[in-house]
Amino acid sequence: MLAAGLVAARAMTAGPAPRHAARIAGSPAPSPTPAPRPRPPRRLPVGTMGSYAVAAHVLRLVDRSRPRLGPRDLRTVVRYPVIPAATAAAGPLARGLFPLVVFAPGYLQCDGSYAALLDSWASAGYVVAGIEFPHTNCHVTSPDESDLANQPGDMAYVISQLLAVSGAQRGALAGLVNPARIAVTGHSDGGDTVAALTAGSCCMDHQVRASIVLAGAEWPPLGRSYFARAAPPMLFVQGDADTINLPADSIAMYQADHSGPRFYLDLFGSGHLLPYEGRGYPEPVVARVTVAFLNRYLADRPGAGLAMRRAAAVRGVAALVSGGQLPP
């Protein structure tokens, strides 16, 4: 009995058995293996035409925010870069991947007339939204050109809706638009609209970081003044044989802009439609120069300023000037 009691007493005073009995006495415990750090969301390259396949999505927007005008049907065709499946599968992507370019067609025109040019922008990594204005698009039977006075507000509304759609968690455009990188561009009456939105005291939108006016002019019915306040960097493109929007109209705006970087692309012997709606020269030059301009002032891509000048240096086709210098 004495021996049994002694064994029991030793068991009570010895304490619990060590957790790692096989470990050599005095050796440190092994450190736990650290969990791998999650990869930060990736951004994708922007700036090289042809880098992406292009898809399209139609937004049927109706603006009811201006009651005196009634509901405004603003069908918008959004062309956007297709992210390759292998790229999407390689890890998480950042939200707000691509800059946004909102396009205003000319009088009685729709975005499809400009398909080659808009596809060029989208293939370089830009989300491109072409608006059909309610009273001046290619489908209306009773057009009203005076409605141009309301088109800057239409563009501002479409920008707000695109940001909302991109901010959603799901949908074809979810996460695609970078809200800090917005440009506007337009042709003819659409160019007038864009000029008012970016330089007119009537309706400047300070979200816009860059502007391209294709054969546009100041629109007197909008009233007030242009370039009274700082405008974003602007590129004016004009055919010197255009008899609808005269070269003097574009040159007047270009020279009036003293607020920041401004450029003038002179297209030799070109008229009003072919440089923007065609597929032959000079449309490829317009595509390359406009992409380089967007790369410089919207995507902040190094070297894009030099690329813009090189793209415009096509003997007998075009010339690019800047800073108020007049074209040759």
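Preceding block: the structure.
Presented here is an overview of the structure given in this document. Because the structure is predicted, anything quoted here is derived from the model rather than measured. (Residues numbered from 1 in each chain as written. Predicted model: local features only at pLDDT ≥ 70, side-chain atom pairs only at ≥ 80, totals over all residues. Heavy atoms only, no water.)

**Some details on the pattern of salt bridges**
Condition: Only one rule defines a salt bridge in this text: a Lys or Arg side-chain nitrogen within 4 Å of an Asp or Glu carboxyl oxygen. Counting from the N terminus, the helices are DSSP H or I runs at least four residues long and the strands are E runs at least two residues long. When accessible area is computed with a 1.4 Å probe and restricted to protein chains, residues below 20% of their type maximum are described as buried, those above 50% as exposed, and intermediate ones as partly exposed.
With the rule as written, the count across this model stands at 9 salt bridges. Notably, a salt bridge pairs R72 with D147, separated by 2.7 Å at the nearest N-O pair. On the criterion of sequence distance, the pair formed by R72 in strand β2 (residues 72-81) and D147 in the loop between β4 (127-131) and α4 (151-167) is long-range, its members being 75 residues apart. Both residues of the pair, R72 and D147, count as buried. Salt-bridge contacts for R209 lead to D300; the nearest nitrogen and oxygen are separated by 3.3 Å. Of this pair, R209 sits in strand β6 (residues 208-214) while D300 sits in the loop between α8 (283-297) and α9 (304-312); the two residues are 91 residues apart in sequence, bridging distant segments of the chain. Of the residues examined, R209 reaches a relative accessible area of 28% and is grouped as partly exposed. Three or more residues are tied together by salt bridges with common partners; here these are D63, R66, R72, D147 and D154.

**Structural notes on the sheet that holds strand β9 (residues 318-322)**
What counts here: Two strands are said to pair when DSSP picks up at least two bridges between them. Between N-to-C directions, angles cover 0 to 180 degrees, with each direction set by a line fitted to C-alpha atoms, over the stretch in contact for helices.
Spatial ordering of the open sheet is given by β1-β2-β4-β3-β5-β6-β7-β8-β9, a layout of 9 strands whose pairing is mixed. Pairing within the sheet leaves two strands with one partner each, and these edge strands are β1 (54-63) and β9. Strand-to-strand twist of the sheet, defined as the mean angle between neighbouring strand axes without regard to direction, takes the value 20°. Of the strand pairs in this sheet, β1 and β2 are connected by 10 bridges, and their pairing is antiparallel. Residue pairing for β2: R60 is matched across the bridge by R75.

**Here we look at the state of the cysteines**
For the record, the criterion: Two cysteine sulfurs form what is called a disulfide whenever their separation falls within 2.5 Å.
Summed over the entire model, instances satisfying the criterion amount to 2 disulfides. At a sulfur-sulfur separation of 2.0 Å, the disulfide partner of C110 is C138. Of note, the bridge from C110 to C138 carries an S-S torsion of about -100° and is left-handed in sense. Of the two residues, C110 sits in the loop between β3 (98-104) and α3 (115-123) while C138 sits in the loop between β4 and α4, which places them 28 residues apart along the sequence. Looking at the chain, its bonded cysteines, counted consecutively from the start of the sequence, adopt the pairing 1-2, 3-4.

**Quick word on the packing of α4 against helix α5 (residues 189-199)**
Put simply, the rule reads: Roughly parallel covers angles under 35 degrees, roughly antiparallel covers those over 145, roughly perpendicular covers 65 to 115, and oblique covers all other angles. Here, two residues are considered to be in contact whenever any of their heavy atoms come within 4.5 Å of each other. Under the scheme applied, nonpolar residues are Ala, Val, Leu, Ile, Met, Phe, Trp, Tyr, Cys and Pro; charged residues are Asp, Glu, Lys and Arg; polar residues are all the others, including Gly.
Running from amino to carboxyl end, α4 crosses α5 at an angle of 75°, the nearest separation of the two axes being 8 Å. In this view, α4 runs roughly perpendicular relative to α5, as classed from their interaxial angle. Contact with α4, carried on its side by Q151, P152 and M155, involves D189, T193, V194, A196 and L197 of α5 and no other residues of that element. For the contact of α4 with α5, the residue count by class is 5 nonpolar, 2 polar and 1 charged.

**What to know about the side chain of R66**
With respect to the helices, strands and loops of the structure, R66 is situated in the loop between β1 and β2. Once residues within four sequence positions are removed from consideration, R66 is found in contact with R72, N150, G153 and D154.

**Observations regarding α3**
Where burial is concerned, most of α3 is hidden: 8 out of the 9 residues are buried. Those residues of α3 that sit buried are A115, A116, L117, L118, S120, W121, A122 and S123. In the stretch just after α3, G125 is the one whose phi turns positive, near 110°.

**Some words on the packing of aromatic side chains**
In this description, a pair of aromatic rings is defined by centroid distance and the angle of the planes. The cut-off we apply is this: Between 30 and 60 degrees the pair is tilted, below 30 it is stacked and above 60 it is edge-to-face, where a pair is any two Phe, Tyr or Trp rings, Trp via its six-membered ring, whose centres lie within 6.5 Å.
As enumerated under the stated definition, the model contains 8 aromatic pairs in all. With a centroid separation of 4.8 Å and 65° between ring planes, the pair formed by F103 and Y114 is classed as edge-to-face. With F103 in strand β3 and Y114 in the loop between β3 and α3, the pair connects residues that are 11 residues apart, well separated along the chain. Both residues of the pair, F103 and Y114, count as buried. Measuring from ring centre to ring centre gives 6.3 Å for F236 and Y254, while their planes differ by 70°; the resulting arrangement is edge-to-face. With a gap of 18 residues between them, F236 in strand β7 (residues 234-239) and Y254 in helix α6 (residues 247-256) connect regions that are remote in the sequence.

**Quick look at α9**
Basically, it comes down to this: Arc, as used here, means the arc of the directions from the helix axis to the C-beta atoms.
Buried within α9 are the following residues: A304, M308, A311 and A312. Within α9, the buried residues cover an arc of 95° as seen down the axis, which keeps them to one side. Close packing links the buried residues of α9 with β8 (262-267), α8 and β9.

**Considering the environment of V62**
Residue position: V62 is located in strand β1. Judged by its relative accessible area of 31%, V62 falls in the partly exposed class. Taking the C-alpha atoms as reference, V62 lies 5.8 Å from L74; in sequence the two are 12 residues apart. Setting aside its immediate chain neighbours within four residues, V62 contacts P71, R72 and Y157.

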